[in-house]
Amino acid sequence: MTDDKRNLMTVFAGTDQMGTRKRFEAMYPTNPTLEMFESVPAWAFVQAASDDRNAPLIRTGEVVVAEPGAFLPTDGDLFVIEYVSKPQVPFEREQRTRQIVLTRHTPVGWWASSLRQGDDGSSIFVSHGPYPDPVVLADKIVGRVVGILATSSVVRRMARK
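Residues numbered from 1 in each chain as written. Predicted model: local features only at pLDDT ≥ 70, side-chain atom pairs only at ≥ 80, totals over all residues. Heavy atoms only, no water.

Draft legend 1. Representation of the environment of Val84 within the structure. Tracing the sequence through the fold places Val84 in strand 4 (residues 77-85). Assessed through its relative accessible area of 36%, Val84 is described here as partly exposed. For Val84 and Lys140, which are 56 residues apart along the polypeptide, the C-alpha to C-alpha distance reads 8.7 Å. Those residues in contact with Val84 that sit more than four places away from it in its chain are Glu94, Gln95 and Arg96. (Helix = DSSP H or I, 4+ residues; strand = E, 2+ residues; numbered from the N terminus. Buried < 20%, exposed > 50% of the residue type's maximum accessible area, 1.4 Å probe, protein only. Contact = heavy atoms within 4.5 Å.)

Given below as structure tokens:
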């Protein structure tokens with residue numbers, strides 16, 4: 001996509017002529033591209049998608065391949081992020097959950113969100129943020145999504161037939 005077209009879409013997105021979802025789609029018109037992997041490389045880890053927040057690119061039950069490491073967020077890229085919740089009562093353990101998120105930068109800061117925004121009729125997808133400093137968000141990132149495991153989507157499609 002040319003810069004002129006992206007700038008034009010961003011101008012339209014900034015007006016109140018579009019709804020929230022259309023405004024987001026105009027500002028972020030392309031999905032990240034993912035490589036298909038037949039097996040998990042030795043240098044990578046995998047993360048299953050727990051919901052359709054990143055559909056149609058990544059659907060519930062599909063497995064992404066991620067490169068582990070410390071990464072600064074980049075606008076429009078997918079990462080695996082780990083949230084740690086502190087114990088609420090004595091003798092309870094901390095809870096860790098991982099999610100596949102899209103990071104994006106806005107004038108108010110960095111967000112960890114999804115490709116799908118808002119309420120799609122059956123689910124509500126929320127964003128985490130804003131994080132004023134990308135380093136604060138980077139502390140939660142455990143890996144960068146580089147692809148999708150081909151066998152996960154193939155098995156799902158075959159099970160439906």
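Draft legend 2. Looking closely at the nonpolar core. Of all hydrophobic cores here, the largest spans twelve residues; its members are Leu34, Phe45, Ala49, Ile58, Val64, Ala66, Leu78, Val80, Ile100, Leu102, Leu115 and Val145. Elements that contribute at least two residues to this core include exactly strand 3 (63-68), strand 4 and strand 5 (95-106). Every residue in contact with Leu34, bar those within four places of it in the chain, is listed here: Leu57, Ile58, Leu78, Val145, Val146, Gly147 and Ile148. In this structure, Ile81, Trp110, Ala112 and Leu137 belong to the second largest nonpolar core, which totals seven residues. (Core = buried A, V, L, I, M, F, W, Y, C linked by side-chain atoms within 4.5 Å.)

Draft legend 3. Spatial organisation of unusual backbone geometry. Between Gly129 and the following residue, Pro130, the backbone shows a cis peptide bond with an omega angle of 0 degrees. Position of Pro130 among the secondary structure elements: in strand 9 (residues 128-131). Positive phi values are uncommon outside glycine, yet Phe91 reaches one of about 75 degrees. Given the relative accessible area of 86%, Phe91 is considered exposed.

Draft legend 4. Examining the side chain of Thr106 more closely. Summarising the element assignment, Thr106 is placed in strand 5. One polar contact links Thr106 to Trp111, side chain to side chain, over a distance of 3.1 Å. (Polar contact = N/O pair within 3.5 Å; in protein donor to acceptor, adjacent residues only side chain to side chain.)

Draft legend 5. Local environment of the environment of Ala55. Mapped onto the elements of the fold, Ala55 is located in the loop between strand 2 (45-48) and strand 3. The buried category is assigned to Ala55, whose relative accessible area is 10%. In this structure, the C-alpha to C-alpha distance between Ala55 and Ser114, residues 59 residues apart in sequence, is 8.8 Å. When residues no more than four places from it in sequence are discounted, the contact partners of Ala55 are Leu115 and Arg116.

Draft legend 6. Seen up close, the pairing of strand 10 (residues 141-149). Across the nine residues that make up strand 10, a large majority, seven, are buried. Bridge count for strand 1 (residues 35-37) against strand 10 is three bridges, and the pairing is parallel. Looking at the pairing, Phe37 lines up with Leu149 of strand 10. (Pairing = 2+ DSSP bridges.)

Draft legend 7. Fine view of the pairing of strand 5. Relative to strand 5, strand 4 runs antiparallel, the two being bridged by nine bridges. Counted as the bridge partner of Leu78 is Leu102 from strand 5. Where strand 5 meets strand 6 (residues 109-113), five bridges bridge the pair, whose relative direction is antiparallel. Paired with Thr106 across the bridge in strand 6 is Gly109. The hairpin turn running from strand 5 into strand 6, its antiparallel successor, is two residues long.

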